[in-house]
Amino acid sequence: MTSVLKGLGVAVPSRVVTNDDLAATLDTSDEWVRTRTGIAERRIAEPGVATADLAVEAGAEALKRAEVDVGAVVVATCTADRTIPGIGPEVASRLGLGTIPALDVNAACAGFVYALSVASGLIASGVADGVLVAGAETMSRVTDFSDRSTAVLFGDGAGAVVLARGEPGEPGEVGPYDLGSDGEGADLLEVPGGGSRRPLDAAALAEGAQYLKMDGREVYRQAVRRMVASSEAVLAKAGLAAADVDRLVGHQANARILEAVADRLGIGEERRFLNVARYGNTSAASIPLALADADLVAGERVLLTAFGAGMSWGSTLLRWPDLPVT
Ligand code: UT7
């Protein structure tokens, strides 16, 4: 028994914000952002559009394509609509899936890989034969657009897949997984306010504690190291080498990070995929958005790897099925 990928859907806000748009009000430039990050533009949700709205749109498309009986929903997000409750139940209800088990997984940018593993576990434990897994974020809602060190990096979007019970070797097979975390780095990338340690009182709001803060250099350093080690660990678990990987589809935070990861793994340019230029860092949504754009061919072995706040990281392998994508 294993889990196999059956359907994929994506949703991005229609509003495109370019580097030049940001440079109009911020001390930055298109040239700086492109050369340091590879990002050219990002999508920003209109006021009133929340993370669950994007997850529902992506989820509906994935469900339509999968034609599988879905018995659970897992949403990877660190920008849920509200602190309480998570958006999993609302996404399930709005998709007409009834009163099935539904929950959020918050592992920030590594959330989608973590959520896939939770879905595989729900299938293995007999809770559900099919699970909708969404990665959805409105990072713009926690971005301080007057802080150039973070404002240029993030974007909004969602992607969703359906995992179903399957047989080893079947097209779409997902796994094994390598997951990890290091809470000593919790302060390196955080939204300090709004939780139980720093409720959003007037003083916290005045300091901008509701916005994302990041030690970019240290996060960069750890991201490369952890994604390389995790990719090697998952390949070893599967009894494979980097040479057996047809495509590397990593978390899209920064083109230079992914280039460094691929270089260290010995995965050449023709086997890498980057779409950070179009969407920026969409956190848990970035891997499904990349899967939709990567022009994958049925049968290709895809290595997924991600790293983010927590710090949290994870990798898995996927045999690309014959799947229609937009
Ligand atoms: O999703 C997972 C988590 N996130 C990441 O993986 C992101 C990890 N970090 C990064 O991608 C990079 O560290 C950044 C893109 C955030 C920054 O790139 P960097 O090459 O590490 O630049 P830096 O932070 O060392 O800054 C270099 C200079 C600084 O000026 P000084 O001190 O050298 O005079 C910054 O003030 O660039 C300046 N700078 C900017 N300049 C123009 C920082 N942000 C900007 C900006 N525009 N937007």
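Here the structure is a predicted model, which means the values were calculated and not measured. Throughout this description, residue numbers start from 1 for each chain and increase along the sequence as written. Two thresholds apply to this predicted model, a pLDDT of at least 70 for residue-level local features and 80 or more for giving and counting side-chain atom pairs, whereas whole-chain, interface and lining totals are computed over all residues. Values shown for side chains rest on all heavy atoms present in the structure; no hydrogens or waters enter the calculation.

1. Some remarks on the overall build of the protein
So, step 1. Strands here are runs of E lasting at least two residues and helices are runs of H or I lasting at least four, both read from the DSSP assignment and numbered beginning at the N terminus. Along its length, the protein carries 11 helices and 13 strands.
So, step 2. Taking 20 Å as the expected radius of gyration for a compact globule of 326 residues, we find that the protein reaches 18 Å, a close match to that expectation.
So, step 3. Projected onto its principal axes, the C-alpha positions of the protein cover 55 × 45 × 35 Å.
So, step 4. Exposure categories follow from relative accessible area, calculated using a 1.4 Å probe and restricted to protein chains: below 20% of the type maximum is buried, above 50% is exposed, and the middle band is partly exposed. Every one of the 326 residues in the protein was classed for burial, and the buried ones make up 56%. We compute the radius of gyration over the C-alpha atoms and compare it with the globule rule, which gives 2.2 Å times the number of residues raised to the power 0.38.

2. Let's talk about the environment of A160
So, step 1. Examined against the element boundaries, A160 turns out to sit in strand β7 (residues 156-166).
So, step 2. Residues A160 and R141, 19 residues apart in the sequence, show an inter-C-alpha distance of 21 Å.
So, step 3. Between two residues, a contact is recorded if the distance between any of their heavy atoms is within 4.5 Å. Setting aside chain neighbours within four positions, we find A160 in contact with G7, L8, G9, A58, G59, A62, L132, V133, A134 and P288.

3. Some remarks on the packing of helix α8 (residues 216-238) against helix α9 (residues 255-265)
So, step 1. The convention used is that axes are lines fitted to C-alpha atoms, helices contributing only their stretch in contact, and that angles between N-to-C directions extend from 0 to 180 degrees. Where α8 contacts α9, the two axes come as close as 9 Å, and the packing angle between them is 40 degrees. In this view, α8 runs oblique relative to α9, as classed from their interaxial angle. Helix-helix and strand crossings are classified by hand; for α8 and α9 the assignment is right-handed. In this structure, α8 contributes Y220, A223, V224, M227, V228, S231 and E232 to the contact, and α9 contributes R256, I257, A260, V261, R264 and L265.
So, step 2. Among the residues making up the contact of α8 with α9, the classes are represented as 9 nonpolar, 1 polar and 3 charged. Each angle receives one of four descriptions, namely roughly parallel if under 35 degrees, roughly antiparallel if over 145, roughly perpendicular if within 65 to 115, and oblique otherwise. By convention, the crossing between two helices is left-handed when the near helix turns anticlockwise from the far helix through less than a right angle, and right-handed when the turn is clockwise. Under the scheme applied here, ten amino acids are nonpolar (Ala, Val, Leu, Ile, Met, Phe, Trp, Tyr, Cys and Pro), four are charged (Asp, Glu, Lys and Arg), and all others, including Gly, are polar.

4. What about the pairing of strand β11 (residues 247-250)?
A regular strand places its side chains on the two faces of the sheet in alternate fashion.
So, step 1. The side-chain alternation of β11 yields two buried faces, one formed by R247 and V249 and the other by L248 and G250.
So, step 2. Pairing between strands is defined by DSSP: at least two bridges between them are needed. Pairing of β11 with strand β12 (residues 301-308) involves 4 bridges; the strand directions are parallel. Within β12, the position partnered with G250 by the bridge is T305.

5. As for α9
So, step 1. Among the residues of α9, A255, I257, L258, A260, V261, A262 and L265 are the ones counted as buried.
So, step 2. Lining the buried residues of α9 we find α2 (30-37), α8, β11, α10 (276-279) and β12.
So, step 3. Counted as a polar contact is a pair of N or O atoms within 3.5 Å, where, for protein atoms, one must be capable of donating a hydrogen and the other of accepting one, and residues adjacent in sequence contribute only when both atoms are in side chains. Of the residues flanking the start of α9, the one acting as N-cap is N254, its side-chain oxygen 2.7 Å from the backbone nitrogen of R256.
So, step 4. Directly after α9, the chain includes G266, whose backbone phi takes a positive value near 75 degrees.

6. A word on unusual backbone geometry
So, step 1. Residue P176 is reached from G175 by a cis peptide bond, and omega for that bond is -5 degrees.
So, step 2. Along the chain, P176 turns up in strand β8 (residues 173-181).
So, step 3. Unlike most non-glycine residues, S283 shows phi in positive territory, near 55 degrees.
So, step 4. The residue S283 is located in the loop between α10 and α11 (286-293) in this model.
So, step 5. Accessibility expressed as a relative area gives 1% for S283, which makes it buried.
So, step 6. For D295, which is not a glycine, the phi torsion comes out positive at approximately 50 degrees.
So, step 7. Assignment of secondary structure puts D295 in the loop between α11 and β12.
So, step 8. Under the relative-accessibility criterion, D295 is labelled exposed at 67%.

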